[in-house]
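Residues per chain are reported as follows:
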Amino acid sequence: MNAYIYILTNSTHSVLYIGVTNNLVRRIYEHKNKLLKGFTCDYSVNRLVYYEQFNDIVAAITREKQLKNWHRPWKENLIEGSNPTWRDLYDEIIL
């Protein structure tokens, strides 16, 4: 079974949110359409800027916990390594 960790941000990149899911397209759709009440809805955090795919949910959860413990500059460097302009990757994953 595939699993994903993902990083979302808002339009000004002032907030980062890290999550885990088994269906990346569905989960990002839910964030974009504010179907998930809570932090991401309250702060308009709906731009997918980074994700990783795993073959196993335990590995994905382990990675999610690791990233949540990182300092913000480390997370920014991770994002910028594959997405230097912080473009929204959602259109790329729905193809």
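Everything quoted here is computed from the prediction, not taken from an experiment. (Residues numbered from 1 in each chain as written. Predicted model: local features only at pLDDT ≥ 70, side-chain atom pairs only at ≥ 80, totals over all residues. Heavy atoms only, no water.)

**Concerning the sheet that holds strand β2 (residues 16–21)**
The condition is simple: Should DSSP find at least two bridges between two strands, the strands are regarded as paired. Under the scheme used here, helices are H or I runs from DSSP no shorter than 4 residues and strands are E runs no shorter than 2 residues, and both carry numbers assigned from the N terminus. Every axis in this analysis is a line fitted to C-alpha atoms, fitted for helices over the stretch in contact. Angles between the N-to-C directions lie between 0 and 180 degrees. What makes two residues a contact is simply this: any of their non-hydrogen atoms within 4.5 Å.
In spatial order, the strands read β2-β1-β3; together these three strands make up an open sheet with antiparallel pairing. Edge strands, defined here as strands with exactly one partner in the open sheet, are β2 and β3 (47–54). Each adjacent strand pair in this sheet contributes to an overall mean axis angle of 20 degrees, direction not counted. Relative to strand β1 (residues 3–9), helix α1 (residues 24–32) is tilted by about 25 degrees, and along the sheet it contacts β1, β2 and β3. Strand contacts of helix α4 (residues 72–82): β1, β2 and β3, with the helix running at about 85 degrees to β3, the strand carrying the most contacts.

**Digging into the packing of aromatic side chains**
Stated formally: Each Phe, Tyr or Trp ring, with Trp reduced to its six-membered ring, pairs with another whose centre is within 6.5 Å; inter-plane angles below 30 degrees give stacked pairs, above 60 give edge-to-face pairs, and intermediate values give tilted ones. Relative accessible area decides the class of each residue, using a 1.4 Å probe on protein chains only: under 20% of the type maximum gives buried, over 50% gives exposed, and in between gives partly exposed.
Here the structure, examined in full by the defined rule, presents four aromatic pairs. Measuring from centroid to centroid gives 6.3 Å for Y6 and Y17, while their planes differ by 45 degrees, and the two rings are tilted. Of this pair, Y6 sits in strand β1 while Y17 sits in strand β2, and the two are eleven residues apart along the sequence. For Y6, a relative accessible area of 0% gives the class buried. Relative to Y43, the ring of F39 has its centre 4.9 Å away and its plane inclined at 35 degrees; by these criteria the two rings are tilted. Judged by its relative accessible area of 41%, F39 falls in the partly exposed class. Take Y43: its relative accessible area is 48%, and that puts it in the partly exposed class. Taken together, Y6, Y17, F39 and Y43 form an aromatic cluster joined through their ring pairs.

**Quick word on unusual backbone geometry**
Positive phi, normally seen in glycine, also occurs at H13, with a value near 65 degrees. Within the secondary structure layout, H13 lies in the loop between β1 and β2. Non-glycine residue K34 carries a positive phi angle of around 55 degrees.

**Some details on the pairing of β1**
Within β1, seven of the seven residues are buried, which leaves it mostly tucked inside the rest of the structure. Burial along β1 is two-sided: the residues A3, I5, I7 and T9 and Y4, Y6 and L8 are all buried. Examined bridge by bridge, β1 and β3 share seven bridges and lie antiparallel to one another. The partner of Y6 across the bridge, within β3, is Y51. Here β1 runs beside β2; their pairing, made up of six bridges, is antiparallel.

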